[in-house]
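Structural overview
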Amino acid sequence: MTYKPDEVVLSIRDLSVSYGAQRGRVRAVQNVSFDLHAGETLALIGESGCGKSTLNLALIRQLPKTASIDGGSVLYTYRDGRQVDVLKYTKQEMRRYLWAECSMVFQGALNSLNPVIRISEMVYETGEAHGIPRLEARDRAMRLFEQVRLDAKRVFTSYPHELSGGMRQRVLLALSLILRPQIVIMDEPTTAVDILTQRSILDVLKVLRAELNFSVIFISHDLAVAAEIADTVATMYAGEIVERGPVNDVFYRSRHAYTLSLLNAAPRLSAGAETLDSIPGSPPDLIVPPPGCKFHPRCAYVQDVCRTVPPPLVAYDDGKRLAACHATEQVQQDAQATRILSPDAILPIVKGGVS
Amino acid sequence: MIGFATIATPIGLLIGLVCGLVPLAAGVYYKQIPVGVIGVIACVISGFACGFLGGVPMILLTYGVVLSYAYVNRQDPFTSRAALIDVTFEESRVEQFQRSMANLGNSIRGAWRALTRNKAGFLGFLGLTFFLVVMVFGPLFIKYDGQAHMERRVPGAFAMVAAPSAEFPLGLDWKGRDVLSHMVHGGQTLIITSIQAGIFATVIAVVLGSLAGLVGGVADQIISTIANFILTIPAFPLLIVLAALVDLDSGFLLAVLFGVLNWPTLMRAVRAQVLSLRERDYVQAAVALDLGLWHIIAREVFPNMVSYIAVNLIFTIRIAMYSVVGLVFLGLVPLKEPDWAIMIFTGRQQGVLFLPQAAGMLLSPIVAIALFQLSLVLFARSLEEIFNPRLRAGV
Amino acid sequence: MSDTPPIVELRGIRRSFVKDRQLIPVLQDINLAVQADEILCIVGESGCGKTTTGKIIAGLLDPSSGEVIVNGRPTESYQGREKALLRRQLQIVHQDPFASLNPAHTIGDILSFPLKRHRMTEGGAGLKRRIWELLTMVDLTPPGDMVNKYPHQLSGGQRQRVSIARALTVNPKLIVADEAVSMVDVSIRITLLKMLLRLRAELGLTIVFITHDLALAKYFAWEGRIAVMYLGRIVEIGRTQEVIANPSHPYTRALLAAVPEADPELTRHKQAIRLRSDDIPRLTDIPRGCAFHPRCPYFIPGMCDSDLPELASAPGFDQQVACIPVQRGLPLHVHESQVAAEAHP
């Protein structure tokens, strides 16, 4: 583990969000609870419709008007020990909270940067809004740009369109850290990005993480990236967290059928010949979800109890792992049998590329 | 003459009733009595208003709506829920016709749902319907008061104009005539001319714009050059000159002129739309499948432009109406009475603009025109939704 | 290797686009032969020209110069009716499920247009039977429900299936799938790919799969070939199993080493290959000699920046590669100015 397991920075309890639609209320997020520790990178994995974007918006209080928070709390712990429920913050307080305590990096850097403002302007404005003098803001920005492997001087004075997509994403990453927040929320930051650019972003993220010690909530559908940078992985399905645990446990000893199905559907480059299994069906209707376990119509481990009783979230391994699955033991057994590759099944590219 | 310049006639009522028998019969046969009754009413009204021209098309529409509630072809696996084993893929001509009618009915119901969904749009629709009803059915009840009535002059007044009273709800005009009758009879020319003008401009713009966008090359350059040229012509001075040379008293002529002078702006917009639609993936797929140029124009590109064109048509009608009123007000176009625009014009010309009693004569046409314009604007908001395929399927 | 001619062969293909009054060369000198019944993957990053290549293969784009040979004859030699038939043999499935179907038509319409136009069915009953067949083939069941639906009522995965069914209406010999599963949920991707593999086996199709996802390419084309493109050229092409296990071109190696794996131990022990520069050259300013040399960690001055590498075989490798040092069998050393390949922190 690379984080401090005793210091909790963000504590989310029973968060529920719903939207209004013609047919009824869409329960986008239901009773989501998890803790984020200092220096921890938590990967939230899910596909479209699982509620991760809604959760993201709820955490930064940017939900659209049609959405409402139906309950729960988001407790943030300041560096001085104060604890506040972010959901109760006023607009004014949110403005001070966002970016200084919790910042964001979103997908599609082009849309996040105002094309008519120079990067330097952005830096100064951000600094000014949070009481940082210009010189200090500039220094911080330059240092961060260097750390993300950019030509700091050149980038500082340019407009966003003068930079390539990969460079813009790295600028965003640097800017998100300029006020030294404790949490950075990253929503699909590497999805629309090329392989080599993604590689440099991930490398840079690791360097920054090591030096500045911030926590990351990493929202994505990409299991591979999660495997690379996450300390903890949580999978979401139909608005709920169905499994959560340390990354190695979730990947090699999965306890939820959906997690295992996702893993079995993800091709691994170094794994040579693979048989992959698809997940039949499609995501459930969030207005009238299936009874019992929401995943049961698509589940390979489905039993009678799954159709009627929603599985409770149970803690394992002294509370380090959580899973909500009736077939959890069977799933774990299968995971252990199939997920770990034997050394001879691994192609040589893993061992480095120099011939 | 392109238009529906008809007045309701008693024989139309008879025609409407006869036409109404068809949806009624269908309603009874398919056990959709309420829909059938609505169909009868619709046929009666349209027959009354437009005779055969109104009644006969309404038969098809109402038949379609009735069918859309009830249609299931047991032989067709795509409209029945039976298992594949029990159905064939055969469909007789009759069944095919009925299925098309049912689809038509579905579209109508979808359009209605879209219309009622948008409150502002529905309000606009009601406004337009109101004007239509007055235009078509008004003359049945209110006779046109065309002669000057000297005897109506109020003793002591130095003008014939009179304020609204119990006998004449909108007052009297400068010749002592009943303003209400002029209002009821005076909308036709103006409204129909505006609609004609809008249609001309839109049709020319759509044809040329599509051609320029799809074919491109030399055709595009020629059309664009002509459009740019026309755009530089100052419209009002041209019309003033024309008015001096030609007798501009026909609404139709005005409509043509307007169409010829105003298509460039819309053409540019249509061309831009076509250019963007041309690059869509599904158009490329149609090319790969070798579906032919005509198919691509008519069935891939055009259906996605219909809502855009419809909304633009509404706005062009609005502009046309203001243009005509403006021209009449300036005295350039001697339209025949009765006409709303003429009422405003004579108001200025006869010097009654400054008399408080003239309120009825002056405000009535102005308010009517403004309300009509407002209805158009509101209705346009619904149009986009109506043509949206997402609403056809009733999601 | 069979003696039948390749289905589609590209010879010396160049393609440029005009943008903002500038001529941008997107493809330079592509030579590619697609064999009948094979699965060929074209991979590369954005801007490498793989989509343009795919569209030229599908006949939707004409090359600026060079020859496109289909079934042994250049495409120019096809006239009239033959040309129309040729057009139908090559089909494409697009990336964006939201844009690939006309929102104004029902699924039934979309499938019936080509069937009716080319008179591929007999009468109304025949048409419907064929539509039923096609929808069942792509697992859109029950077909009766699908036919009257509009595209917006279907999910992304279902729309892609309709796209595939539409491509199949004209009984093509080759389908180009241009990032066909990129905009679809992860769990649906494998479903669609398996379906494509099944259809290929049943109908004897050739599939050209364009993607930027190497792991997916490996899975889909495991029994087939893979071509790696960079800045408008093919830098490596060969059997997937060879290329993945034994990559020859430095760019391919960098790509393979850079891809994260859905396996924590695997991915954290993977050694990345640091490139000399993160800047991707613009297409209007392609470096002299090997286009990759400014970034290549094994760059040999004098050799890599003067001569243009052509695709050729190299000792120790089954696949063809466009890298001069590799072709000459030279041992690859990391260039002195380059820091040694870093392990992940």
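Here is a short report on the structure shown in this document. Model, not experiment: these values are computed from the prediction. (Residues numbered from 1 in each chain as written. Chains lettered and ligands numbered in written order. Predicted model: local features only at pLDDT ≥ 70, side-chain atom pairs only at ≥ 80, totals over all residues. Heavy atoms only, no water.)

**Some thoughts on unusual backbone geometry**
Residues and elements named next belong to chain C. Put simply, the test is: Put simply, DSSP H or I for four residues or longer makes a helix, DSSP E for two residues or longer makes a strand, and each gets a number counted from the N terminus.
Look at the link from Thr 141 to Pro 142: it is a cis peptide, with omega at -5°. You can see Pro 142 is positioned in the loop between α4 (123–137) and α5 (143–146). Within the chain, Asn 171 stands out as a residue other than glycine whose phi angle is a positive 50°. Along the chain, the position of Asn 171 falls in the loop between α6 (156–168) and β7 (174–178).

**Quick word on empty space enclosed by the protein**
Selection rule: Only protein atoms enter the 1 Å grid used here, on which a cavity is any set of points holding a 1.4 Å probe that cannot leave and a pocket is any open set flanked by protein within 12 Å on both sides along at least five of seven lines; residues with an atom within 4 Å of a point are listed as lining. Grid points are joined across faces, edges and corners, and a volume is the space filled by probe spheres set on the points. Classes in brief: Ala, Val, Leu, Ile, Met, Phe, Trp, Tyr, Cys and Pro nonpolar; Asp, Glu, Lys and Arg charged; the others, Gly included, polar.
Using the criterion set out here, one finds 9 cavities of 30 Å³ or more in the structure. Of the voids in this model, the largest cavity is the one considered here, and its volume is about 80 Å³. If you go around the largest cavity, the residues you meet are Tyr282(B), Ala285(B), Ala286(B), Leu289(B), Leu291(B), Glu300(B), Asn102(C), His105(C), Ile110(C), Phe113(C) and Arg166(C). Within the residue set of the lining of the largest cavity, elements represented by two or more residues are α10 (281–288) of chain B together with α3 (107–117) of chain C. Take the lining of the largest cavity: its biggest share by element is 3 residues, from α10(B). Residues that form the lining of the largest cavity fall into these classes: 7 nonpolar, 2 polar and 2 charged. Quantified by volume, the second largest cavity comes out at close to 60 Å³. Along the wall of the second largest cavity there are 13 residues; nearest its centre are Cys293(A), Cys299(A), Cys306(A), Cys325(A) and His326(A). Looking at side-chain class alone, the lining of the second largest cavity contains 10 nonpolar, 3 polar and no charged residues.

**Structural notes on the sheet that holds strand β1 (residues 4–20) of chain A**
Residue and element names in this part refer to chain A. Counted only if it meets this: Strands were regarded as paired on the criterion that DSSP finds at least two bridges between them. Throughout, an axis means a line fitted to C-alpha atoms (over the contacting stretch in the case of helices), and angles, computed between N-to-C directions, take values from 0 to 180 degrees. Contact definition: two residues touch when any of their heavy atoms are within 4.5 Å.
Spatially, 4 strands are ordered β2-β1-β4-β5 in an open sheet, and the strand pairing comes out antiparallel. On the outer flanks of this sheet lie β2 (25–38) and β5 (83–85), each paired with one strand and no other. Going from strand to strand, the sheet's axes swing by 10° on average, the running direction of each strand aside. As paired strands, β1 and β2 are joined by 10 bridges and run antiparallel to one another. Pairing of Leu 10 across the sheet is with Leu 36, part of β2. Those strands touched by helix α1 (residues 52–59) are β1, β2 and β4 (67–77), and its axis lies near 110° from that of β1.

**Describing α4(C)**
The following threshold applies: How far a helix is expected to stretch is found by multiplying one less than its residue total by 1.5 Å. Type-normalised accessible area, obtained with a 1.4 Å probe on protein chains alone, sets the label of each residue: buried when under 20%, exposed when over 50%, and partly exposed for intermediate values.
Compared with the 21 Å implied by 1.5 Å per residue over 15 residues, the 21 Å span of α4(C) between its first and last C-alpha is a close match. Buried within α4(C) we find Ala125(C), Gly126(C), Leu127(C), Lys128(C), Arg130(C), Ile131(C), Trp132(C), Leu134(C), Leu135(C) and Met137(C). Where α4(C) is buried, its residues meet α4 (93–117) of chain B together with α3, α5, α6 and α7 (186–203) of chain C. Two residues or fewer past α4(C), Asp139(C) is found with a positive phi of approximately 60°.

**Structural notes on the nonpolar core**
To keep it simple, the criterion reads: What makes a nonpolar core is a set of buried Ala, Val, Leu, Ile, Met, Phe, Trp, Tyr and Cys residues whose side-chain atoms join them at distances within 4.5 Å. Domain boundaries shown here were taken from an automatic or database domain assignment.
Val8(C), Leu10(C), Leu32(C), Ile57(C) and Leu174(C) are the most contacted members of the largest nonpolar core, which has 117 residues in total. Built from parts of two domains, this core gets at least three residues from each of domain 1 (8–102 + 171–235) and domain 2 (247–343) of chain C. Counting 114 residues, the second largest nonpolar core, distinct from the first, contains Val74(A), Met186(A), Val242(A) and Tyr258(A).

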